[in-house]
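# Structural characterization, general
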Amino acid sequence: QGDLRQDPFSKEIIASLLAYLEGAGAERRPYQAPLSYRIIPQILAQVLKATREAETVAAQSLSSVTDNPIYLPPDARFPKGRCISNGGFHNAAATTALDGLTAAWADLCLLSERHAVGLLNGTISGLPHWLPTGDGFEPFRYVPWAILGLAEQARTAAQRTLLPPGEGAGYGQTDMASPVFLAWEKSERAGRCLDAALASLA
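Residues numbered from 1 in each chain as written. Predicted model: local features only at pLDDT ≥ 70, side-chain atom pairs only at ≥ 80, totals over all residues. Heavy atoms only, no water.

## Regarding the overall build of the protein chain
Per the secondary structure count, the protein chain includes 7 helices and 2 strands. Helices and strands in the protein chain line up, N terminus first, as α-α-α-β-β-α-α-α-α. Relative to its length of 202 residues, the protein chain is extended, with a C-alpha radius of gyration of 24 Å against a globular reference of 17 Å. Within the protein chain, contacts between residues separated by at least 24 positions form 66% of all contacts whose residues are at least 6 apart in sequence. For the protein chain, the accessible area works out to roughly 13,700 Å², and carbon and sulfur atoms hold 60% of it. Measuring between centres, the 17 positive side-chain charges of the protein chain sit 5 Å from its 20 negative side-chain charges. (Helix = DSSP H or I, 4+ residues; strand = E, 2+ residues; numbered from the N terminus. Rg over C-alpha atoms; globule rule 2.2 N^0.38 Å. Contact = heavy atoms within 4.5 Å. Areas by Shrake-Rupley, 256 points an atom, 1.4 Å probe, with all protein chains shown as cover. Lys, Arg positive; Asp, Glu negative; His and termini not counted. Charge placed at Lys NZ, Arg CZ, Asp CG, Glu CD.)

## Quick look at the environment of D195
Along the polypeptide, D195 turns up in helix α7 (residues 180-201). For the pair D195 and W105, spaced 90 residues apart in sequence, the C-alpha separation works out to 9.2 Å.

## Concerning the environment of L108
Within the secondary structure, L108 sits in helix α4 (residues 92-120). According to the relative accessible area criterion, L108 is buried, its value standing at 16%. Taking the C-alpha atoms as reference points, L108 and A154, 46 residues apart in sequence, are found 9.5 Å from one another. Among all residues touching L108, those that are not within four sequence positions of it are I43, L44, V47 and L194. (Buried < 20%, exposed > 50% of the residue type's maximum accessible area, 1.4 Å probe, protein only.)

## Looking at the environment of G87
With respect to the helices, strands and loops of the structure, G87 is situated in the loop between β2 (82-84) and α4. Measuring from C-alpha to C-alpha, the distance between G87 and D67 comes to 8.3 Å, with 20 residues separating the pair along the chain.

## Comments concerning the nonpolar core
Grouped together as the largest cluster of nonpolar side chains are 27 residues, with contacts concentrated most on V47, W105, L108, C109 and A154. The biggest single contributor to this core is α4, with 11 residues. C109 has contacts with I147, A151, A154, A190, C193, L194 and A197, leaving out every residue within four places of it along the chain. (Core = buried A, V, L, I, M, F, W, Y, C linked by side-chain atoms within 4.5 Å.)

## Digging into the confidence of the model for the protein chain
In the predicted model, the protein chain carries a mean pLDDT of 90, and 94% of its residues have values of at least 70. At the level of individual helices and strands, the protein chain shows its lowest average pLDDT in strand β1 (residues 70-72), which scores 88, and its highest in helix α6 (residues 143-157), which scores 98. (pLDDT = per-residue confidence, 0-100.)

Written as structure tokens, this is what we have:
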């Protein structure tokens, strides 16, 4: 399937999943798995794409001049050097890349919830319904609810980060703040939700 998708990220993910499944049983069940299972390669491909984009932007940004103003060393025309005011501090690409990561974390949180539900559903998992203990207690019954709460928090954080609307910082020259810090905080929040969601699923 990787060659059919014409997408390098899908090909890489499918190859990785096949490596994990090497040696697994080949017997198929007489029904399809829920969609949340069947779309795992596509979702993971988007996660990989978002991660690679963030890595590229980080590598470019960390090696670029992003201060304001910047000082250019002396040359023949300007023997004392030059100081140039610019908008280098505004890294629009970083905001977009961070938003992409946040959306990826939110999607994975929701898949975690769906998979927890699937594990508790005996008709899907083939396991005892609700995974009861020997005495009939069902300790995992509400795990999906907890994961769903985490997924909702991540989805809220995944709203697109826009330019701050107010001019309260400087009343004139400094009339725009960088949204990168907002995007970073939201990505961290969604990432913590994903960590907790995956731990709960495990």
